[in-house]
Amino acid sequence: MTKRIESVNAFVVKFANVNGSGSASANELFAKSILRMGVPVSPRNIFPSNIQGLPTWYEVRVSESGWLGRRGGVDLMVAMNPQTWDADVKEIDPGGYLFYDNTKPLPKSKFREDINVVGLPLTEICNQAYTDARQRQLFKNIIYVGALSALLGIDPLVIAELIGEQYKGKEALLKPNLNALQLGRTYALEHLKCPLGIRVRPLKGEANSVGDKIFIEGNAAAALGCIYGGATVCAWYPITPSSSLAEAFQKYCSKLRVDKETGKNKFAIVQGEDELASVGIAIGAGWNGARAFTATSGPGISLMQEFIGLAYFAEIPVTIIDVQRGGPSTGMPTRTQQSDILACAYASHGDTKHVLLFPEDPHECFEMAAQALDLAERLQTPVFLMTDLDIGMNQRLCKPLEWDDSRQYDRGKVMTAEMLDAGKEFGRYLDVDGDGIPFRTYPGTHPSKGGYFTRGTSKNAYAIYSEQGPDYKANMQRLLKKFETAKTLVPKPILSASKEPARFGAIYYGSTGPAMAEALDALSRQGIYVNALRLRSFPFQDEIFDFVASHSRVFVIEQNRDAQLKTLLVNDAGINPASLISVLHYDGTPITARYITGEIAEIVAALNVRPLVKKDKAA
């Protein structure tokens, strides 16, 4: 008898579909129904970069404990794509389940002896119920959701409620979807053993693990952060996976930034002819006093380099949101990586250093997008918000987004007409108080005072063109001083201390966070205790140097091939590279807790460190 995985509210379901088959909404319906039952879920889209026809997957992590990182492994594979059948079946953990359309019989060689096979004649059911070919394809997806509701113990009323919300006011679509749901559920209950060993148990009241958390994509959250952070200009060029951010900004502006009396827009959204033009538009808007941003990905960052250097050297505020993907070149447009760290930290030619912010989830995307706009104006420089596809294009549970209506925007050092008339000395690149940040004026501030030439060339403190070595050097040193000032303004790292004394430390950032939290818990249960520091920004603060110095070895976990964060730590924090051990993941899928745990445990064993296993007090 084949062993069965037995688990309640803790399993992974993966859907294997064909792109363009209409499965996306059905799979999302499945995930949200479990969420409505009070059980946290973490779904991830794995999709191709073409429009239609290639394989697509949708992975749903169900975790009553609230783990939101990708776990690794699959407990139930819903195999709807013959092209990927062999690879999909291989991915199932021993004792797991394979759900498939058994309208046509498959040879025994197509299965594994160590998994449990659940067949349901989806095509046959659809052919009997529908005559239209497109209906057969679309409703097949809802039918398998209905069958899964019976197999996994999902409340069908919850799914029906979600369908009702989706098709509110569209009765012609509502009833057929509900009928398809019931078709699949009824067949499963009558012909299959329900539920499976893995199943959902509703959590109510205080047991509800979802609580007041919201379900939102990072791109949408970042767009809202830009709205609340005061951005009025967005200039962009379409590129996966950032396009939905600009589109969300457009949607929210249409609701929140239209004058109620006149109907006129109080925002500008411009699609440039390419990424270089887009960042140029945003820089021009920033120079003119508007809060402006652009959203892009790695290839766009490459094209923007010259204008980024202009904004840095001419000291013009601009926010650049980089939703990272696989590279180099076109790379993997619909896969995730953290591979633009060095490209953004040192973007443009010559000696440049830029502020980077590393959000962990949609909540921080919202917070840091608004903060980036403040920092860009306070520091008069480009500021990069470094998200990635895993955060940006996947719905994630997170804390509710909050905004203090009394919060004031930080516009930085702006010389007003009154200050100029009062005799305040103005030098566009003059450091008046030692923080490296000069005053600026908005265009048209004063009819005769406060004007200057914005220069991407060398100049003196009063914006007068100069190729004199001392003038150039003084300006470059002041920019370094400004970068030091940035250390006091950017978000500080967050320490997660182990419950037992730890020889080892771990540094990580961004979307690695959810998997890292689970990995730390798993390692501690193995007797391997690790203190962890989540970096949230660059430039690096002293806390990072102190953290590394207090551990014999520090793991640096990141999702790229070349250990880019480690390189930055060595270059800019002065950390001895011998004290850092890279744990790298870069196949385009989100890093998993299993991967981190396995890598660190293997390295610890190779270092001949015996895990700390506490003796039973009764022994």
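Residues numbered from 1 in each chain as written. Predicted model: local features only at pLDDT ≥ 70, side-chain atom pairs only at ≥ 80, totals over all residues. Heavy atoms only, no water.

*Asks:* What is the right way to read the overall build of the chain from this model?
*Replies:* For the chain, the helix and strand inventory stands at 19 helices and 22 strands. Radius of gyration (C-alpha) of the chain: 27 Å, near the 25 Å computed for a compact globule of 619 residues. Its C-alpha atoms give the chain principal-axis dimensions of about 85 × 70 × 45 Å. For the chain, the proportion of its 619 residues judged to be buried stands at 55%. Long-range pairs, those at least 24 residues apart, make up 75% of the contacts in the chain with a sequence separation of at least 6. For the chain, the accessible area works out to roughly 26800 Å², and carbon and sulfur atoms hold 52% of it. Of the side chains in the chain, 67 bear a positive and 67 a negative charge, and the two mean positions are spaced by 3 Å. (Helix = DSSP H or I, 4+ residues; strand = E, 2+ residues; numbered from the N terminus. Rg over C-alpha atoms; globule rule 2.2 N^0.38 Å. Buried < 20%, exposed > 50% of the residue type's maximum accessible area, 1.4 Å probe, protein only. Contact = heavy atoms within 4.5 Å. Areas by Shrake-Rupley, 256 points an atom, 1.4 Å probe, with all protein chains shown as cover. Lys, Arg positive; Asp, Glu negative; His and termini not counted. Charge placed at Lys NZ, Arg CZ, Asp CG, Glu CD.)

*Asks:* In this structure, what is going on with the packing of aromatic side chains? I would like to understand it.
*Replies:* Two numbers describe a pair of aromatic rings. These are the distance of the centres and the angle of the planes. Summed over all chains, the structure comprises 17 aromatic pairs. A ring pair is formed by Phe-249 and Phe-293, whose centres lie 4.9 Å apart and whose planes are at 85°; its orientation type is edge-to-face. One end of the pair, Phe-249, is in helix H8 (residues 243–256); the other, Phe-293, is in strand E12 (residues 292–296), and 44 residues separate them in sequence. With relative accessibility at 0%, the residue Phe-293 sits in the buried group. An aromatic cluster is present here, built from Phe-15, Phe-30, Tyr-58 and Tyr-144 joined pairwise through their rings. Across the ring face of Phe-313, the terminal group of Lys-459 is positioned such that the distance to the ring centre comes to 3.8 Å. A cation over an aromatic ring shows up here: Lys-459 above the ring of Tyr-429, its NZ or CZ 4.5 Å from the ring centre. (Phe/Tyr/Trp six-rings, centres within 6.5 Å; stacked < 30°, edge-to-face > 60°. Lys NZ or Arg CZ within 6 Å of the ring centre and 35° of its normal.)

*Asks:* Looking at this model, I keep getting lost on the state of the cysteines. Mind explaining?
*Replies:* What we call a disulfide is simply a covalent bond connecting the sulfur atoms of a pair of cysteines. Within the structure shown, the criterion is met by zero disulfides. Here Cys-234 stays free of any disulfide, with the sulfur of Cys-226 as its closest cysteine sulfur at 7.6 Å. Take Cys-234: its relative accessible area is 0%, and that puts it in the buried class. Not engaged in a disulfide, the cysteine Cys-398 finds its nearest cysteine sulfur in Cys-365; these two sulfurs lie 8.8 Å apart. (Disulfide = S-S within 2.5 Å.)

*Asks:* Help me understand the sheet that holds strand E21 (residues 553–558) in this model?
*Replies:* The five strands lie next to each other as E17-E19-E18-E21-E22, forming an open sheet whose pairing is mixed. This sheet does not close on itself; its edge strands, each paired only once, are strand E17 (494–496) and strand E22 (580–584). Averaged over all pairs of adjacent strands, the angle between strand axes in this sheet comes to 25°, irrespective of strand direction. Bridge analysis of strand E18 (residues 504–509) against E21 gives four bridges, and the strand direction is parallel. Note on E21: the bridge partner recorded for Ile-507 is Val-556. Running over the sheet, helix H16 (residues 513–525) touches E18, strand E19 (530–535) and E21 and is turned about 160° from E18. (Pairing = 2+ DSSP bridges. Axes fitted to C-alpha atoms, helices over the stretch in contact; angles between N-to-C directions.)

*Asks:* Can you help me understand the pairing of strand E2 (residues 10–18) in this one?
*Replies:* In the case of a regular strand, side chains alternate between the two sheet surfaces. Within E2, seven of the nine residues are buried, which leaves the element mostly enclosed by the surrounding structure. Across nine bridges, the pairing between E2 and strand E4 (residues 55–63) is antiparallel. Opposite Ala-10, over in E4, you have Ser-63 as the bridge partner. Relative to strand E5 (residues 74–79), E2 is paired through four bridges, and the arrangement is parallel. Of the residues in E5, the one forming a bridge with Lys-14 is Met-77.

*Asks:* Explanation requested: unusual backbone geometry in the structure shown.
*Replies:* Generally, phi is negative for residues other than glycine and the peptide bonds are trans, each holding for most cases. Following Cys-194, the chain continues into Pro-195 via a peptide bond in cis, with omega recorded as -5°. Turning to its location among the elements, Pro-195 is positioned in the loop between helix H6 (171–191) and strand E8 (198–199). With an omega of 5°, the peptide bond between Thr-240 and Pro-241 qualifies as cis. The backbone of Ala-463 shows a phi angle near 65°, a positive value even though the residue is not glycine. Position of Ala-463 relative to the elements: it lies in the loop between helix H14 (417–421) and helix H15 (469–487). Using a relative accessible area of 3% as the deciding quantity, one classes Ala-463 as buried. With a phi close to 50°, Ala-563 is a non-glycine residue in the positive phi region. A residue is classified by how much of its surface remains accessible, and Ala-563, at 10% relative accessible area, is buried.

*Asks:* What exactly am I supposed to notice about the pattern of salt bridges here?
*Replies:* When their charged atoms lie close together, side chains carrying opposite charge are able to pair. Throughout the structure, instances matching the rule amount to 38 salt bridges. Between Arg-36 and Glu-165 there is a salt bridge, and its shortest N-O distance comes to 2.8 Å. Taken together, the residues Arg-36 in helix H1 (residues 23–36) and Glu-165 in helix H5 (residues 156–166) connect sequence positions 129 residues apart. Residue Arg-36 is classed as partly exposed on the basis of its relative accessible area, which comes to 41%. Within this structure, Arg-291, Asp-374, Glu-377, Arg-407, Arg-411 and Arg-440 form a network of salt bridges that share partners. (Salt bridge = Lys/Arg side-chain N within 4 Å of Asp/Glu carboxyl O.)

*Asks:* Explanation requested: the packing of helix H3 (residues 122–129) against helix H4 (residues 133–152) in the structure shown.
*Replies:* Helix-helix packing is described using two parameters, namely the angle between the two axes and the distance between the axes. It is at 10 Å that the axes of H3 and H4 come closest, and there the two elements cross at 125°. As summarised for this structure, H3 and H4 are arranged oblique, according to the angle between their axes. Note that H3 runs across H4; the crossing there is right-handed. Residues Leu-122, Thr-123, Ile-125, Cys-126 and Asn-127 of H3 form the contact with H4, whose participating residues are Arg-136, Phe-139, Lys-140, Ile-143 and Tyr-144. Split by residue class, the contact of H3 with H4 holds six nonpolar, two polar and two charged. (Parallel < 35°, antiparallel > 145°, perpendicular 65-115°, else oblique. Left-handed = near helix turned anticlockwise from the far one by under 90°. Nonpolar A, V, L, I, M, F, W, Y, C, P; charged D, E, K, R; others polar.)

*Asks:* Is there a simple way to think about the nonpolar core in this case?
*Replies:* Here is a general trend for soluble globular proteins: nonpolar side chains tend to be buried in one another's company. Among the nonpolar cores identified, the biggest contains 82 residues, and Phe-249, Leu-356, Leu-357, Phe-384, Ile-507, Leu-535 and Leu-569 are the most heavily contacted of them. The element best represented in this core is helix H12 (residues 362–379), accounting for nine residues. Those residues in contact with Leu-357, other than ones at most four positions away along the chain, are Met-368, Ala-372, Leu-375, Val-383, Phe-384, Leu-385, Met-386, Val-490, Pro-491, Arg-536 and Ser-537. Counting 55 residues, the second largest nonpolar core, distinct from the first, contains Phe-139, Ala-150, Leu-151 and Ile-154. (Core = buried A, V, L, I, M, F, W, Y, C linked by side-chain atoms within 4.5 Å.)

*Asks:* Explanation requested: the environment of Val-258 in the structure shown.
*Replies:* Within the fold, Val-258 resides in the loop between H8 and strand E11 (268–271). In this structure, Val-258 is in contact with Cys-253, Gly-263, Lys-264, Asn-265, Lys-266 and Phe-267, ignoring residues within four places of it in sequence.

*Asks:* Looking at this structure, how should I read the sheet that holds strand E13 (residues 318–324)?
*Replies:* What links the strands of a sheet is backbone hydrogen bonding, and the strands pair in either a parallel or an antiparallel sense. On the basis of which strands lie adjacent, the open sheet formed by seven strands has the order E11-E10-E12-E13-E15-E14-E20 and mixed pairing. Whereas interior strands pair on both sides, the edge strands pair on one side only; in this sheet they are E11 and strand E20 (537–538).

*Asks:* What exactly am I supposed to notice about the environment of Asn-141 here?
*Replies:* Looking at the element boundaries, Asn-141 is found in helix H4. In this structure Asn-141 comes out as buried when scored by relative accessible area, which is 2%. Among residues more than four places away in sequence, those in contact with Asn-141 are Asn-17, Ser-21, Gly-22, Ser-23 and Ala-26. Within the local environment of Asn-141, its side chain forms a polar contact with the backbone oxygen of Gly-22, the two atoms lying 3.2 Å apart. (Polar contact = N/O pair within 3.5 Å; in protein donor to acceptor, adjacent residues only side chain to side chain.)

It is worth stressing that arrangement in space is one thing and function is another; only the former is reported here.
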